[in-house]
Amino acid sequence: MFNGLWCYRYLLWNLVSRDFKLKYRRSVLGVVWSVLNPLLMCLVYWAVFSSLMDMRGSGIDNFPVFLMCGQLLFNFFNEATSTSMSSVLGAASLLKKVYIPKYVFPLEKCCFAMVNCVFSFVALALVMVFTGSPIHVTVFEALYPLVTLFFFSLGVGLFLAAATVFFRDIMHIWSVFITALLYFSAIFYDPTQMTFSIGGFNMQQIIKLNPMYWYITGFRRTLMWGIPLDFNMLAVCGVCALLSMLVGGLGELMRYHGGISWLLERVNGLARKLSAESPVKAGECCISLLVLLANLCTANNTVAIILTGKVAHEIAVSNGVDRRRSASLLDIFSCVVQGLIPYGAQLLLAGSIAKLSPLSIAGNNWYCMLLAVVAVFAILFGIPRVRPVRPLA
């Protein structure tokens, strides 16, 4: 993939340059609007949330910079994902004439959004100078949430671009979703002020489930308050970006190669390649990996087992895996993942009841961790040994 991307670097550059020129064509101020637009929007938000609705701006030191930091990062995410979503459809005429990897178009939209975001940082610098905001040594750490946000947005954009090819309704759904996400990203309010609950769920915990909260908060910590990024901030920003790239890249591959059947066939093919040395262990490892990936994507262990059950049975038959061990592995690894992912229904419900973050619960869920270790140990050493049973008809 990276070799192919390097071959198309000039095309990527030309596409970004074309979008940049088209955006400011026949505009008197041109690129200056990249600075004026966030400044004017910041002025509007400041007037509304600091003057007319003082309960949101009060208690926040240097509210204009606080607001601008959240606004710039969210605008980048909004622009990157919204334009990536329709990028493949918009390039349909070009794709019919010449072969171009389709991931180039969502990547170009994300790069163009990042260019606009970098120009908009001039507005942030002006606001910081005007308000007398100090410059901290940790300002260089602000690059980490910004870079990881880029990859997070790219992963989401790849997934949306692949899904929009088949379901055009996603474009309308996403516009509504991004508006709701705006109010749950702690852009113009301090989440510590949200002490109320919605339907029994603590509002602060709901906000922390939003990945944008972590990117924006990490950026504010390093730029405004001079607080270095802690392990939780580094881990959440990095893991969200990694999962987004995995899911987005997987969605693009599945779209290109023919849907979820391609993914299942690839895992089945992996089992066949590994079965030369130890067919039973290879089959059990692939069955475990298959249901693990499915559960990560669906966040539902029952759905994951149903989706992978048929392919798991084929792997088990071709590699001589006992059907009881195959069924146990499907159940064990789906439960392990379900008990550790912070966006699963179980941890969300437990967090709302105990008024704790699902991430903190997942980090102390030793039962699921121990269960995974024991299951891996059982696969490697082939225990417990079971007596063969008559195969099903």
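All of the points below concern the structure found in this document.

Parameters at a glance
Residues numbered from 1 in each chain as written. Predicted model: local features only at pLDDT ≥ 70, side-chain atom pairs only at ≥ 80, totals over all residues. Heavy atoms only, no water. Helix = DSSP H or I, 4+ residues; strand = E, 2+ residues; numbered from the N terminus. Buried < 20%, exposed > 50% of the residue type's maximum accessible area, 1.4 Å probe, protein only. Contact = heavy atoms within 4.5 Å. Areas by Shrake-Rupley, 256 points an atom, 1.4 Å probe, with all protein chains shown as cover. Salt bridge = Lys/Arg side-chain N within 4 Å of Asp/Glu carboxyl O. Phe/Tyr/Trp six-rings, centres within 6.5 Å; stacked < 30°, edge-to-face > 60°. Lys NZ or Arg CZ within 6 Å of the ring centre and 35° of its normal. Axes fitted to C-alpha atoms, helices over the stretch in contact; angles between N-to-C directions. Parallel < 35°, antiparallel > 145°, perpendicular 65-115°, else oblique. Disulfide = S-S within 2.5 Å. Left-handed = near helix turned anticlockwise from the far one by under 90°. Nonpolar A, V, L, I, M, F, W, Y, C, P; charged D, E, K, R; others polar. Core = buried A, V, L, I, M, F, W, Y, C linked by side-chain atoms within 4.5 Å. Patch = residues over 30% accessible without salt bridge, like charges linked within 9 Å, V, L, I, M, F, W, Y side chains within 5 Å. Polar contact = N/O pair within 3.5 Å; in protein donor to acceptor, adjacent residues only side chain to side chain.

Scanning the chain for helices and strands turns up 20 helices and 2 strands. Burial status across the chain gives 43% buried among its 393 residues. A fraction of 74% describes how many contacts in the chain between residues 6 or more apart in sequence connect residues 24 or more apart. Surface exposure of the chain reaches about 21,100 Å², of which carbon and sulfur atoms provide 70%.

Summed over the entire model, instances satisfying the criterion amount to 4 salt bridges. With a shortest N-O distance of 3.2 Å, aspartate 230 and arginine 221 are connected by a salt bridge. On the accessibility criterion, aspartate 230 (33% relative accessible area) is partly exposed. A salt bridge links arginine 325 to glutamate 284; its shortest N-O distance comes to 2.6 Å. Here arginine 325, found in helix H17 (residues 323–340), pairs with glutamate 284, found in helix H15 (residues 279–298); they are 41 residues apart in sequence, far enough to count as distant. This pair shows no difference in class: arginine 325 is buried, exactly as glutamate 284 is.

Positive phi is not limited to glycine here, since alanine 186 has a value of about 55°. Overall, alanine 186 belongs to the buried group, its relative accessible area being 1%.

This structure, assessed with the given rule, holds 12 aromatic pairs. When the ring of tryptophan 174 is compared with that of phenylalanine 177, the centres are 5.1 Å apart and the planes differ by 35°; the resulting orientation is tilted. Taken together, the residues tryptophan 174 and phenylalanine 177, both in helix H10 (residues 169–182) and 3 residues apart, mark about one turn of the helix. Using a relative accessible area of 11% as the deciding quantity, one classes tryptophan 174 as buried. Centroid distance tyrosine 183 to phenylalanine 188: 5.8 Å. Interplanar angle 70°. Geometry classified as edge-to-face. Members of the aromatic cluster, connected to one another through ring pairs, are Phe77, Phe152, Trp174, Phe177 and Tyr215. One Lys or Arg, arginine 220, reaches over the ring of phenylalanine 66 and ends 3.6 Å from the middle of that ring.

All right, on to the packing of helix H9 (residues 143–166) against H10 then. The geometry of H9 relative to H10 is characterised by a closest axis approach of 8 Å and an angle of 140° between their N-to-C directions. One finds that H9 runs oblique with respect to H10. On H10, the residues touching Val156, Leu160, Ala163 and Thr164 of H9 are Ile170, Met171 and Trp174.

So, on to the state of the cysteines. Tallying each qualifying case throughout the model produces 0 disulfides. The structure places no disulfide on cysteine 285, whose sulfur is separated from the nearest cysteine sulfur, that of cysteine 286, by 6.8 Å. With relative accessibility at 38%, the residue cysteine 285 sits in the partly exposed group. Here cysteine 335 is not cross-linked by a disulfide; its sulfur's nearest cysteine counterpart is in cysteine 368, at 7.7 Å.

Looking now at the packing of helix H2 (residues 9–23) against helix H8 (residues 104–131). Look at H2 against H8: their axes get within 9 Å of each other, and the N-to-C directions meet at 55°. By the criterion of interaxial angle, the relationship of H2 to H8 is oblique. For the crossing formed where H2 meets H8, the hand is right-handed. In contact with Leu11, Leu12, Leu15, Val16, Asp19, Phe20 and Lys23 of H2, H8 contributes Val104, Phe105, Leu107, Glu108, Lys109, Cys111, Phe112, Val115, Asn116 and Phe119. Looking at the contact of H2 with H8 residue by residue, the classes come out as 12 nonpolar, 1 polar and 4 charged.

Among the nonpolar cores identified, the biggest contains 70 residues, and Phe77 and Leu124 are the most heavily contacted of them. Per-element tally for this core: the top contributor is helix H5 (residues 63–85), with 13 residues. For leucine 124, the residues in contact, after removing those within four places along its chain, are Val65, Met68, Cys69, Leu72, Phe219 and Leu223. Counting 16 residues, the second largest nonpolar core, distinct from the first, contains Ile287, Ala312, Leu329 and Ile379.

Here we come to a nonpolar patch on the surface. Taken together, the side chains of Phe159, Val239, Leu242, Leu243, Leu246, Val247 and Tyr343 define a hydrophobic patch exposed on the protein surface, amounting to about 600 Å² of accessible area. At 5 residues, the largest contribution of residues to the nonpolar patch is made by helix H13 (residues 231–257). Position of phenylalanine 159 relative to the elements: it lies in helix H9. Of the residues examined, phenylalanine 159 reaches a relative accessible area of 41% and is grouped as partly exposed.

On the secondary structure map, aspartate 230 appears in the loop between helix H12 (211–225) and H13. Spatially, the C-alpha atom of aspartate 230 lies 9.1 Å from that of glycine 218, the residues being 12 residues apart in sequence. Within the structure, aspartate 230 has its side chain in polar contact with the backbone nitrogen of methionine 233 (distance 2.8 Å).

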